[in-house]
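Fold and geometry: a report
As a plain string of letters, each chain reads:
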Amino acid sequence: MRRQSAAAIDTTNCDREAIHIPGAILPHGAMLAVNPATLLIEQLAGDTAGLLGRDAAALAGAHLSALFSAAQINRLQLSMQNYSLSRPRHLLDPMMRVMAERPIDASVHLSGDVLVIEVEDADLANRHAVDPLACVQDMIDGLGDTPDLQACCQFAAERVRSVTGYDRVMVYRFMPDGSGWVYAECRQDRLTPFLDLHYPASDIPKQARALYLNSWLRLITEVDYTPAPLQPPVNPRTGSPLDMSFATLRDVSAVHREYLRNMGVDASMSISIIVAGELWGLISCHHCTPRRLPRHLRAVCELFGSMFSLQLEARLRAEQLEMRLLSREALAKIMQSLAQEDDYAAGLISQRQALVDYIAAGGLALRAGESRGGIAIRVNHGVTMLGDTPDDDQISALTDWLTQKMENFEGVFATDRLSEIFPPAKAYTNVAAGLLAVSVSREPRDFILWFRPEVVQTVRWGGDPDKPVTVGPNGIRLTPRKSFEAWTETVAGRSSPWSLSDNDAAFDLRVSLLEIVLRRIDAAARERLRAWQQEQLLMAELDHRVKNTLANIQAIVSQTSRSATSLEGFTEGLDRRIRSMSRAHSLLTKSRWEAVSLKTLILEELDAYKSSSANFALVGTDVMLEPKAALALSLAIHELATNAAKFGSLSVAGGRVDINWQLDTVGGLNLVWQESGGPPVKTPKMRGFGSTLIERALAMETGGRPTLAFEPAGVKCTIALPASAVHKAVGTSIAVTIEHKAPVVPAVPVIADPRILIVEDSALVVMVLEDVMAGLGWEVVGPALRLVDALVLARDGSFDAALLDINLHGEMSWDVAAILQDRNIPFIFTTGYDSGTVLPPRFEKAWVLGKPYKSADIVSALQTLLR
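Only a predicted model underlies this, so the values are computations on that prediction, with no experimental measurement involved.

Details of the overall build of the chain
Summing up its helical and strand segments, the chain has 24 helices and 36 strands in all. Counting over 867 residues, the chain shows a buried share of 48%. Roughly 40300 Å² of accessible area belongs to the chain as shown, and the carbon and sulfur atoms make up 53% of that amount.

Looking at the packing of aromatic side chains
This structure, assessed with the given rule, holds 12 aromatic pairs. With a centroid separation of 5.6 Å and an interplanar angle of 90°, the aromatic rings of Tyr-172 and Phe-174 are classed as edge-to-face. One exposure class covers both Tyr-172 and Phe-174, and it is buried. Taking the centre distance of 6.1 Å and the plane angle of 25° together, the rings of Trp-814 and Phe-843 count as stacked. Of the two residues, Trp-814 sits in helix H22 (residues 814-822) while Phe-843 sits in the loop between helix H23 (835-838) and strand S36 (847-850), which places them 29 residues apart along the sequence. Accessibility assignment for this pair places Trp-814 and Phe-843 in one class, buried. By the ring-pair criterion, three or more aromatic residues cluster together here, those being Trp-814, Phe-827, Phe-829 and Phe-843. Over the ring of Tyr-183 we find Arg-173; its NZ or CZ atom is 5.1 Å from the centre of that ring.

A few points about the pattern of salt bridges
By the definition in use, this model includes 19 salt bridges. Asp-771 serves as the salt-bridge partner of Arg-87, at 3.5 Å between the closest nitrogen and oxygen. Placement of the pair is Arg-87 in the loop between helix H3 (70-82) and strand S4 (89-91) and Asp-771 in helix H20 (residues 763-776), with a sequence separation of 684 residues. Taking relative accessible area as the criterion, Arg-87 reaches 27% and is therefore assigned partly exposed. Here the salt bridges share partners, and the residues they tie into one network are Glu-42, Asp-113 and Arg-237.

Some thoughts on the sheet that holds strand S35 (residues 827-831)
The parallel open sheet is built from five strands, whose spatial order is S31-S30-S32-S35-S36. Every other strand in the sheet has two partners, leaving strand S31 (779-784) and S36 as the edge strands with one partner each. Pairwise comparison of adjacent strand axes, ignoring direction, gives a mean angle of 20° for this sheet. As paired strands, strand S32 (residues 801-805) and S35 are joined by four bridges and run parallel to one another. For Asp-805, the partnering residue across the bridge sits in S35 and is Thr-830. Docked against the sheet, H20 engages strand S30 (755-759), S31 and S32, running at close to 170° with respect to S31. Where helix H24 (residues 855-865) meets the sheet, it contacts S30, S32, S35 and S36, and its direction lies at approximately 175° from that of S36.

Things to note about the nonpolar core
Ranked by internal contacts, the top residues of the largest apolar core, which has 37 residues, are Met-269, Trp-280, Ile-283 and Phe-308. When residues of this core are traced back to their parent elements, those giving at least two are helix H4 (132-140), helix H5 (149-164), strand S7 (168-174), strand S8 (180-187), strand S10 (217-220), strand S12 (267-275), strand S13 (278-287) and helix H8 (295-339). In this structure, Phe-616, Ala-632, Val-681 and Leu-698 belong to the second largest nonpolar core, which totals 36 residues.

Points about the side chain of Arg-161
Its location among the elements puts Arg-161 in helix H5. Setting aside residues up to four positions removed in sequence, Arg-161 forms contacts with Tyr-166, Asp-167, Arg-168, Val-169, Cys-186, Arg-187 and Gln-188.

Remarks on the sheet that holds strand S15 (residues 382-387)
A sheet is described by the order of its strands in space; here five strands give the open sequence S15-S14-S18-S17-S16, paired in antiparallel fashion. Of all strands in the sheet, those with a lone pairing partner are S15 and strand S16 (412-415), marking the two edges. Each strand axis lies, on average, 10° off the axis of its neighbour in the sheet, ignoring direction. Where strand S14 (residues 374-379) meets strand S18 (residues 447-452), five bridges bridge the pair, whose relative direction is antiparallel. If you follow Ala-376 over to S18, its bridge partner there is Leu-449. Those strands touched by helix H11 (residues 392-405) are S14, S15, S16, strand S17 (434-439) and S18, and its axis lies near 115° from that of S18.

Considering the environment of Cys-288
Looking at the secondary structure, you find Cys-288 in the loop between S13 and H8. For Cys-288, a relative accessible area of 30% gives the class partly exposed. Expressed as a C-alpha distance, the spacing of Cys-288 and Asp-266, which sit 22 residues apart in the sequence, is 5.0 Å. Discounting chain neighbours no more than four positions away, the residues touching Cys-288 are Asp-167, Arg-190, Leu-191, Gly-264 and Asp-266.

Calculation rules
- Residues numbered from 1 in each chain as written.
- Predicted model: local features only at pLDDT ≥ 70, side-chain atom pairs only at ≥ 80, totals over all residues.
- Heavy atoms only, no water.
- Helix = DSSP H or I, 4+ residues; strand = E, 2+ residues; numbered from the N terminus.
- Buried < 20%, exposed > 50% of the residue type's maximum accessible area, 1.4 Å probe, protein only.
- Areas by Shrake-Rupley, 256 points an atom, 1.4 Å probe, with all protein chains shown as cover.
- Phe/Tyr/Trp six-rings, centres within 6.5 Å; stacked < 30°, edge-to-face > 60°.
- Lys NZ or Arg CZ within 6 Å of the ring centre and 35° of its normal.
- Salt bridge = Lys/Arg side-chain N within 4 Å of Asp/Glu carboxyl O.
- Pairing = 2+ DSSP bridges.
- Axes fitted to C-alpha atoms, helices over the stretch in contact; angles between N-to-C directions.
- Contact = heavy atoms within 4.5 Å.
- Core = buried A, V, L, I, M, F, W, Y, C linked by side-chain atoms within 4.5 Å.

Structure, rendered in structure tokens:
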């Protein structure tokens, strides 16, 4: 074991270092802290003379017009008006160039009530500066084809190194105890490999991890430098030091620089890997000499980190789903056998071998002579054992302890180090170092216990992980270790860990057994068999649909990136197309994926244009479309409407779109989209992804024949769908005209600076909502990510309205809504569910926003709610 004297060291000193207010920046750039209302420069740092042509003395207290042109200042003001700027927004050269001969890249963000402008040299010679989107496409191409998780991470390390040119690129994975593991590595041959080394949790303090979760990328251009101090150190208007949490040029902690110096690293970059709102790991880049990565390449790496995180999350979820399906199949067999038993206790005992196999070695290959562990079943005060287990008295003492603890663990308890939390277990770590316990009665007195024996492990650390304490001018602080040679530690008293799939399987077993306790076994047998068969079909169908949806999204990402001309254009196009898919999926969900009304589908797609300057007319006999045809046609209608809004009849006042359809003699559908009253139409020289979706994807998905004609009077699209795409004809003739109505400008809320309670279990969604509220100048209460926290805020909090996610980690928020209703506080439900099927009668008239939603939808709904 590691020497125990280190246990007395307080490793939280690093956790308390105020790295977000360093008071200085990296010296190669320049920073201006500006009053956003007056545009007066309040603080500044760095090489202003070299990058901006004016020294600090000339700029202190000056107006931005002394430095930037009117057009550049207007661009800054528009950014403040149109974006929250809670995170840096890139302004690449030549947007903010001051001196003709000095190309610079800039970024702007808001830190509280201070506008932060950062500038640094631009590298226009870099080959990726011309087409950064092509670079992203090259980086992600092939990512989804990797065979397993480790290969996927290795692929990412290799692609990042090929683009950035760092000496070493690692995928650094965080473990459950907070330590890190080098999971994949790509390096120069001359460097010592770090692959498979572990690093203690204290190497990356808590506040650093929080910043990694909020910012996708962190760059250190060189370790040995003299920081450029911010002058004056304290903002004269706010009276506080500048919070540089999101600043690109933020000075680096002296402890971290010493750590890198001891590793022989002179420059580094970290890209966050965020899975399900948690920091899963980092793509960590090291260089042995100073290295500055151009800002456009950093933007490429940020986007790659985001897309890699999504790919990783999809892969992990797919693996978990596969394991869940396998365990459900085994559970169904156990339940079928158990249902035939009249005596519950006897039935459990008769299934002890099946229960051993149900959760045996966690999918790990057993070494020669290694025990599979054992199982103990305690029901009705009797204990039955199989395999290697503690004795009767030891199990009785253990279950007595579990009875007291189980109420905190929702019926399932798992640990791979039992003796550390239940000291009597030290006597039998050879058979029960690990424990997975399931309470199988309404009161936590009866248990099924799985045991795993001790597995002595040798862990390779990147140097001795115990940090020495030194006394210096600032008192006691931790000093980074100087040696990073592989250092081994022997770990005893622990078993192989229980996986998430093991815990899921134990929870499923508990639920199934409690159902038997509450119902007669013979009735449960028939019902369980039927439910199992239905579940198998549903899970198989769900698996199929999820994978198809992921494949479609991946294809849309790829195609959209090829046709986009900018990062913003890529983001906007991808957002619109995914929302179109979401609307079609919602319609299909309401019909249980049987069919969708053509009229409803078209009206859903045109809903966004009700307040535009154009008119629509729909004429035809309503028909129900098959799911696949509905999804394909919805994307085609979306692309036609989007093109009309940008370039066609919907882009001018008085423009019109006529949509007519009819069934042909063999049951097929003929639909015509005709635009008129718009600008003269010219045939485009190149066809974009939208045209491809209409002409090729629709034909391949449905077997139909779409024809797109760019007639001078207006675009005309004729779509012929075969009879196989039509579910049935409703027979109702439709003649719908949507006339232009002047948009209703939401009234300013009666309440000044309202406080909004946010109840949402997705960290990424919370961050978006916080940005929206900050942009409006409204105050966020919370956020509450779990039901227990939401209930406290609902009862005791002071706020004017609330946004409630319906499902909070599997718990419904009805109790929170009831409290708000009793307090007469207005609220809006947000959900991915179909509100018509999930809302209780008490809330059937409540306002519901379906996910995914746009920020504008939230703003409009809240403004209406607060009138």
